Amino acid sequence: MKRGTVVNLLIVLVVVALAVAPLAMGAGDGKEEPFAGADGQAETAITENDPGYEPWFAPLYEPPSGEIESALFALQAALGAGVLGYYFGVVRTRRRLAAEVTARQGDD
Amino acid sequence: MTTVHEVLERSGVTPVHIAEGYLPVTHAVAWSAAAAPFIVHGVIRLNRQIQAAPEDKLLLGASGAFCFVLSALKIPSVTGSCSHPTGTGLGAILFRPPIMTVLGTITLLFQALLLAHGGLTTLGANAFSMAVAGPWAGYAAYLLTRRLGLLPAVFAGAFVADLTTYCVTSVQLALAFPDAESGFTGALAKFGGIFAVTQIPLAVSEGLLTVLVVRLLRTSAAADLIRLGVLRKREEVPA
């Protein structure tokens, strides 16, 4: 394997380790809802302790269930990953074709 | 009576974006007014960039896509709660902060409209933290560390952009919900303390992922990086 590829894989491994470590360490132990999504809970937290505060605007559309919400989050990630993958496909092919052209010109 | 901060601390909550309707009207209006000029300026710069260099459209899309992916990834952190990166460092470094402001605001709008994550009334405040403050601070960190080499500077830029976003969110929340006794500073210290610990490992992950993308760009699209002034000709890595 090329050195560059090894480094890239190592970067991915470290990122995965950083995400898994809190789970393995049991950082969520003793919490009512370990590893809960932060944003949703913040709403409850603010209303809970500042009962006088009334949210004055409601979301126009709210995913009806956690499943649908996670589907939409997956859709967001998939859209982004798709575009990123397309981009790298284009630039890698472009580079390969350019390299072939230079190689052929070198033969002449 | 428990305060907002105690409740937040107990539940290990890290609000990434401020939820719909959860910012008093005056604050919502003020933050929207603060973010608006940056967004308008960004749109102008984006249009100019596309006209001047239509070949950048693909990489622009990829930068926006990176922000989309990262802000959809909720990652567990050491504090036992989940938070997500922002992905704004990359675009700020490649295309300068004003253009990233537009891309980041589009991401926030998508999340506000479809996911009820963040909100329209808090879009101004969230855009200010994630799409204005984050990219500018990240870009500044990138410029300051650029002489150390491309990749260290990219890491610094993405790390700072991520962390700044959450620091600004803390300031916004502390302004809106000051502590009953210690006021704004007390609230800021508490929010900041919770945020920093949760967000530091995520900012490291974001820095590493941004470095990964720039490494891939350097091998596959070095010409683009040189044209954008991110990579210098002599730094080019032979593929």
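Residues numbered from 1 in each chain as written. Chains lettered and ligands numbered in written order. Predicted model: local features only at pLDDT ≥ 70, side-chain atom pairs only at ≥ 80, totals over all residues. Heavy atoms only, no water.

As recorded in an unreviewed UniProt entry, chain B goes by the name Cobalt transport protein CbiM, listed as coming from Thermomonospora echinospora. Word for word, the UniProt comment on chain B under Function (unreviewed entry) is "Part of the energy-coupling factor (ECF) transporter complex CbiMNOQ involved in cobalt import." Quoted verbatim from the Pathway (unreviewed entry) field of UniProt, the annotation for chain B is "Cofactor biosynthesis; adenosylcobalamin biosynthesis." (UniProt positions renumbered as here; feature names shortened; annotations may be inferred.)

In the nomenclature of an unreviewed UniProt entry, chain A corresponds to Cobalt transport protein CbiN from the organism Thermomonospora echinospora. Under the UniProt heading Pathway (unreviewed entry), the entry covering chain A gives this text: "Cofactor biosynthesis; adenosylcobalamin biosynthesis." UniProt annotates chain A under Subunit (unreviewed entry) with the comment "Forms an energy-coupling factor (ECF) transporter complex composed of an ATP-binding protein (A component, CbiO), a transmembrane protein (T component, CbiQ) and 2 possible substrate-capture proteins (S components, CbiM and CbiN) of unknown stoichimetry."

(A) Examining the overall build of chain B more closely. Helix and strand content of chain B: 9 helices and 2 strands. Of the regular secondary structure in chain B, the N- to C-terminal order runs α-α-α-β-β-α-α-α-α-α-α. In terms of overall size, chain B behaves like a compact globule, its C-alpha atoms giving a radius of gyration of 18 Å where 239 residues would be expected to give roughly 18 Å. C-alpha atoms of chain B, sized along the principal axes, occupy 65 × 35 × 30 Å. Looking at chain B as a whole, 64% of its 239 residues qualify as buried. For chain B, restricting intrachain contacts to residue pairs at least 6 apart in sequence, the fraction spanning at least 24 positions comes to 72%. In the structure as shown, chain B presents an accessible area of about 8,400 Å², 70% of it carried by carbon and sulfur atoms. Placing the 15 positive and 12 negative side-chain charges of chain B at their respective mean positions leaves the two points 12 Å apart. (Helix = DSSP H or I, 4+ residues; strand = E, 2+ residues; numbered from the N terminus. Rg over C-alpha atoms; globule rule 2.2 N^0.38 Å. Buried < 20%, exposed > 50% of the residue type's maximum accessible area, 1.4 Å probe, protein only. Contact = heavy atoms within 4.5 Å. Areas by Shrake-Rupley, 256 points an atom, 1.4 Å probe, with all protein chains shown as cover. Lys, Arg positive; Asp, Glu negative; His and termini not counted. Charge placed at Lys NZ, Arg CZ, Asp CG, Glu CD.)

(B) Seen up close, empty space enclosed by the protein. One pass over the structure, following the stated rule, counts 2 cavities of 30 Å³ or more. If you add up the space inside the second largest cavity, you get close to 40 Å³. In this structure, the second largest cavity is lined by Leu84, Tyr87 and Phe88 of chain A together with Leu59, Ala62, Ser63, Leu90, Leu94, Val213 and Leu217 of chain B. Secondary-structure elements contributing two or more residues to the lining of the second largest cavity are helix 3 (66-107) of chain A together with helix 3 (57-72), helix 4 (88-95) and helix 8 (183-220) of chain B. Looking at the lining of the second largest cavity, its residues break down into 9 nonpolar, 1 polar and no charged. (1 Å grid on protein atoms, 1.4 Å probe; cavity = no way out; pocket = protein on both sides within 12 Å on 5 of 7 lines; lining within 4 Å. Points joined across faces, edges and corners; volume = space filled by probe spheres on them. Nonpolar A, V, L, I, M, F, W, Y, C, P; charged D, E, K, R; others polar.)

(C) Spatial organisation of the UniProt feature "transmembrane region" (unreviewed entry) in chain A. As annotated by UniProt and renumbered to match this structure, "transmembrane region" (unreviewed entry) occupies residues 70-88 of chain A. As a span, residues 70-88 of chain A carries 100% helix and 0% strand, and end to end its C-alpha atoms are 27 Å apart.

(D) Spotlight on the UniProt feature "transmembrane region" (unreviewed entry) in chain B. Residue and element names in this part refer to chain B. Here the UniProt-annotated "transmembrane region" (unreviewed entry) positions come out as residues 28-46, 58-75, 95-116, 123-144 and 150-168. Secondary structure across residues 95-116 comprises 86% helix and 0% strand; the distance between its end C-alpha atoms is 29 Å. Counted over residues 150-168, helix gives 100% and strand 0%. Its end C-alpha atoms are 27 Å apart.

(E) Structural context of the side chain of glutamine 76 of chain A. Along the chain, glutamine 76 of chain A falls in helix 3. Dropping the residues within four chain positions of it, glutamine 76 of chain A is found in contact with Phe68, Ser71, Ala72, Thr107, Phe110, Gln111 and Leu115 of chain B.

(F) Layout of the packing of aromatic side chains. Enumeration over the complete set of coordinates arrives at 6 aromatic pairs over all chains. An aromatic cluster is built from Trp31, Phe38 and Phe128 of chain B, whose rings are joined through pairwise contacts. (Phe/Tyr/Trp six-rings, centres within 6.5 Å; stacked < 30°, edge-to-face > 60°.)

(G) Representation of a nonpolar patch on the surface within the structure. Judged by side-chain polarity, Trp56, Phe57, Leu60, Tyr61 and Ile68 of chain A together with Val25, Val29, Leu109, Leu113 and Leu114 of chain B come together as a nonpolar surface patch covering roughly 850 Å² of accessible area. Looking at the nonpolar patch, the elements that each hand over two or more residues are helix 2 (25-52) and helix 5 (97-114) of chain B. When residues of the nonpolar patch are assigned to their parent elements, the largest contribution, 3 residues, is made by helix 5 of chain B. When you line up the elements, tryptophan 56 of chain A lands in the loop between helix 2 (38-49) and helix 3. (Patch = residues over 30% accessible without salt bridge, like charges linked within 9 Å, V, L, I, M, F, W, Y side chains within 5 Å. Salt bridge = Lys/Arg side-chain N within 4 Å of Asp/Glu carboxyl O.)

(H) Summary view of unusual backbone geometry. Look at arginine 96 of chain B: it is not a glycine, yet its phi comes out positive at around 75 degrees. Tracing the backbone through its elements, the reader meets arginine 96 of chain B in the loop between helix 4 and helix 5.

(I) Local environment of the packing of helix 3 of chain B against helix 5 of chain B. Residues and elements named next belong to chain B. At a minimum axis separation of 10 Å, helix 3 and helix 5 run at an interaxial angle of 45 degrees. Between helix 3 and helix 5, the interaxial angle falls into the category oblique. Like other packed secondary-structure pairs, helix 3 and helix 5 cross with a definite hand, here right-handed. Contact residues: helix 3 offers Leu60, Ser63, Gly64, Cys67, Phe68, Ser71 and Ala72, while helix 5 offers Ile99, Met100, Leu103, Gly104, Thr107, Phe110 and Gln111. (Axes fitted to C-alpha atoms, helices over the stretch in contact; angles between N-to-C directions. Parallel < 35°, antiparallel > 145°, perpendicular 65-115°, else oblique. Left-handed = near helix turned anticlockwise from the far one by under 90°.)

(J) The arrangement of the state of the cysteines in detail. Residues and elements named next belong to chain B. Within the structure shown, the criterion is met by 0 disulfides over all chains. The structure places no disulfide on cysteine 82, whose sulfur is separated from the nearest cysteine sulfur, that of cysteine 67, by 19 Å. With no disulfide of its own, cysteine 167 lies 18 Å from the sulfur of cysteine 67, the closest cysteine sulfur. (Disulfide = S-S within 2.5 Å.)

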